[in-house]
Amino acid sequence: MDGIYLDYAATSALRPDAVTEAVVRYLREVGATPGRSGHHLALEAGRIALRCRAALARTFGAEGDPGRVAFFPNATYALNAALHGLVRPGDRVVRTAFDHNAVRRPVAVLAARGIGETVIGGGADGSVDFAELDDALAGDGRPARVLAIPHASNVLGSVLPVAEMARRAHAHGSIVLVDAAQSAGHVPIDVMEMGIDVLAFTGHKGLLGPQGTGGLWVREGMEIDPVWAGGTGGDSMPAGMPDAMPDRLEPGTLNGPGIAGLLAGVEWLAERGIAAVHARETALKARLRERLASIEGVRILSPAAPDGVGIVTLTVDGIPANRLAHRLDREHGVMTRAGLHCAPEAHAVLGCAETGAVRFSVGWATTEAEVDAAAGAVASIAEDIRETSPGARG
Ligand SMILES: Cc1ncc(COP(=O)(O)O)c(C=O)c1O
């Protein structure tokens, strides 16, 4: 790749060769659709999809039936499916100020139809106030049906205390829906230990698969009403969707090549171990923070969060976030992401909802040399700003 890619939180644009090879192999040698037809190519496609479900379930620490993993095109569709499929008239959803629009907006759609919505605040250190959470879950005699938790914030990079939040949610009879878009593949997940009922994941970030992949893991005994309906390849007679997972949630043709690539990404991670990946990315993040923090005019907004994901969010005095990201790319080949990152409330928590910020995010292929070069690029731009507009001084 040309340049220094530090936008892994948006998508893992760099993928292990095994992922690309699996997609190409699928297109060249398999090509058929899982769950459709009975010929040998369709059966091979079905085996790949099943292996991917099983590998994902293992990645999430889920015991039992791999059919509890349903595929969707991304985390956003998965979260919409979960929220719309779990919530009934009269229900209420509790969510957090750290949410991505993939949760915030579906909940807003539900709220416009009369569903209750309670948003709990958050601290700039990534903390959650448990007393506020308890009050929100209890409501005014109408306990929340769903508590939606982002496992890791895509702006702060911090990890939320999911296990404790889940324990409190279950005490009120609420369902725990976790958005693992930023954590899956970066941070170990154990749905059983963490008390997760429904987990939404995306395939193209930490799990290293291609775009167009993602899905839901749904705890056994928990059923989500289908939002979309259509052909499932089997059990075709009833007009309604089949009861059984994953068909219940998967109308239409699956993304076979994407699923093959996702399987390769998940297997690559399993070989290395997600804990090892996390340790490496944490060290790179710490190095990046340290170097950036020493630059005059740099304001690091995201907390150190050593147990979190590899995100550093900042502003530089005297230059708007979009302009900084543009200069980093054009002048130094450093790719980051500027703006509100589809999570304006998280920016409000950090006090930068008006200005936005620039997010640097490391991933599996990031090197120390890249981190150092990126910090050097910020230093050079910050110095240039100080020289050309002295009023920008801190
Ligand atoms: C926390 C969080 N949730 C959900 C999403 C949505 O993921 P996707 O674009 O794969 O639907 C993202 C992606 O940026 C995210 O960071």
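A brief look at the structure comes next.

What counts as what
Residues numbered from 1 in each chain as written. Predicted model: local features only at pLDDT ≥ 70, side-chain atom pairs only at ≥ 80, totals over all residues. Heavy atoms only, no water. Near = heavy atom within 4 Å. Polar contact = N/O pair within 3.5 Å; in protein donor to acceptor, adjacent residues only side chain to side chain. Areas by Shrake-Rupley, 256 points an atom, 1.4 Å probe, with all protein chains shown as cover. Nonpolar A, V, L, I, M, F, W, Y, C, P; charged D, E, K, R; others polar. Pairing = 2+ DSSP bridges. Helix = DSSP H or I, 4+ residues; strand = E, 2+ residues; numbered from the N terminus. Axes fitted to C-alpha atoms, helices over the stretch in contact; angles between N-to-C directions.

### Focus: the site of the ligand
Neighbouring the ligand are N74, A75, T76, H100, A102, N154, D179, A181, Q182, T202, H204 and K205. A distance of 3.3 Å is found between an oxygen atom of the ligand and a backbone nitrogen or oxygen belonging to A75. Side-chain polar atom of H100 to an oxygen atom of the ligand: 3.2 Å apart, as the coordinates give it. Burial of the ligand by the protein chains amounts to 91% of its free accessible area of 400 Å². Grouping the constituent residues of the shell around the ligand by class yields 3 nonpolar, 7 polar and 2 charged.

### What about the sheet that holds strand β5 (residues 146-150)?
The sheet built from 7 strands is open, its strands ordered β2-β8-β7-β6-β5-β3-β4 with mixed pairing. Each edge of the open sheet is held by one strand with a lone partner, namely β2 (69-72) and β4 (116-120). In this sheet, adjacent strand axes meet at a mean angle of 20 degrees when their direction is disregarded. Both strand β6 (residues 175-179) and strand β7 (residues 198-202) contribute to a ladder of 3 bridges, which runs parallel. When the sheet's bridge partners are listed, L177 is paired in β7 with V198.

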